Amino acid sequence: AQSVTQLGSHVSVSEGALVLLRCNYSSSVPPYLFWYVQYPNQGLQLLLKYTTGATLVKGINGFEAEFKKSETSFHLTKPSAHMSDAAEYFCAVSDPEDYKLSFGAGTTVTVRA
Amino acid sequence: DAGVIQSPRHEVTEMGQEVTLRCKPISGHNSLFWYRQTMMRGLELLIYFNNNVPIDDSGMPEDRFSAKMPNASFSTLKIQPSEPRDSAVYFCASRAKGPYDTEAFFGQGTRLTVV
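Rules of the game
Residues numbered from 1 in each chain as written. Chains lettered and ligands numbered in written order. Predicted model: local features only at pLDDT ≥ 70, side-chain atom pairs only at ≥ 80, totals over all residues. Heavy atoms only, no water. Pairing = 2+ DSSP bridges. Helix = DSSP H or I, 4+ residues; strand = E, 2+ residues; numbered from the N terminus. Axes fitted to C-alpha atoms, helices over the stretch in contact; angles between N-to-C directions. Salt bridge = Lys/Arg side-chain N within 4 Å of Asp/Glu carboxyl O. Buried < 20%, exposed > 50% of the residue type's maximum accessible area, 1.4 Å probe, protein only.

Bringing the sheet that holds strand β7 (residues 64-68) of chain A into the picture now. Residues and elements named next belong to chain A. The strand order across the open sheet built from five strands is β1-β3-β8-β7-β6, with neighbouring strands paired in antiparallel fashion. Every other strand in the sheet has two partners, leaving β1 (3-7) and β6 (56-58) as the edge strands with one partner each. On average, each strand axis in the sheet is inclined to that of its neighbour by 20 degrees, with strand direction left out of account. Across four bridges, the pairing between strand β3 (residues 19-26) and strand β8 (residues 73-78) is antiparallel. Note on β8: the bridge partner recorded for Val-19 is Lys-78.

Printed below as a string of structure tokens:
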């Protein structure tokens, strides 16, 4: 079974500062990994995903994440935060042979002007 | 494609009443998920279907909850009888199976309030 741990339920950053959201996973097989974003009163939207190949993946809105198998991590970063990045972010893991998608508890990002 | 469509967007009902939430997945997707989101418990997977067959319903909280997928384009989540602790946002998501179509697409959710 897969599971995801997101470190830090709330992150506050200044506009223009680095955004770093941490995600560690547990999986018995090479996983598929995802980051989703949720804006208030909306559904979840895919930011980026890792399946196979290049371990550094780029997503929408300037976000990127790096798959590190040795650390079982998939941390999300953005070099320069924008006010519009204020949202809740979810890391998710999936077994490639299974349909189940398991989510972490989420990290709420606030951006200070 | 219009994406995953959920109805209603908002539902307010009295304790003890039956509630039915509806979902239309993206055409061609063969997996469907129901999630519940609350402040206390976060995003919980209730049940998921593959090719209209329930695969894992271990997340369904109790017998008051039931889900069906009579065909590839429609699913329902029913709560009978409803209780105030069922108040939450319920999301439906669908997913295709293939080498590249790996992510789930979410609907806008149904905000359920049981009073």
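Once you've had a look at it, read on.
Moving on to the environment of Leu77(B). Within the fold, Leu77(B) resides in strand β8 (residues 74-79). Linking Leu77(B) and Val114(B), residues 37 residues apart in sequence, is a C-alpha distance of 15 Å.

Moving on, we come to the pattern of salt bridges. Pairs can form between side chains of opposite charge whenever their charged atoms are close. Residues and elements named next belong to chain B. Applying the stated criterion to the full structure yields 11 salt bridges over all chains. Between Glu-18 and Lys-78 there is a salt bridge, with its nearest N and O atoms 3.9 Å apart. Here Lys-78 lies in strand β8 and Glu-18 lies in the loop between β2 (10-13) and β3 (19-24), a separation of 60 residues in the sequence. Exposure remark for Glu-18: the relative accessible area of 45% places this residue in the partly exposed category. Arg-85 is the salt-bridge partner of Glu-62, the closest N and O atoms lying 3.1 Å from each other. You can see Glu-62 sitting in the loop between β6 (53-56) and β7 (65-71) and its partner Arg-85 sitting in the loop between β8 and β9 (88-95), a full 23 residues away along the chain. Connected through salt bridges with shared partners, the residues Glu-62, Arg-64, Glu-83, Arg-85 and Asp-86 form a single ionic network.

What follows covers unusual backbone geometry. Along the chain, Ser7(B) connects to Pro8(B) via a cis peptide bond; the corresponding omega equals -10 degrees. Tracing the backbone through its elements, the reader meets Pro8(B) in the loop between β1 (5-7) and β2. Going from Gln80(B) to Pro81(B), the amide bond is cis rather than trans, its omega being -5 degrees. Mapped onto the fold, Pro81(B) is located in the loop between β8 and β9. A positive phi angle, close to 60 degrees, is found at Asn41(A), a residue other than glycine. Within the secondary structure layout, Asn41(A) lies in the loop between β4 (32-38) and β5 (44-50). For Asn41(A), a relative accessible area of 59% gives the class exposed.

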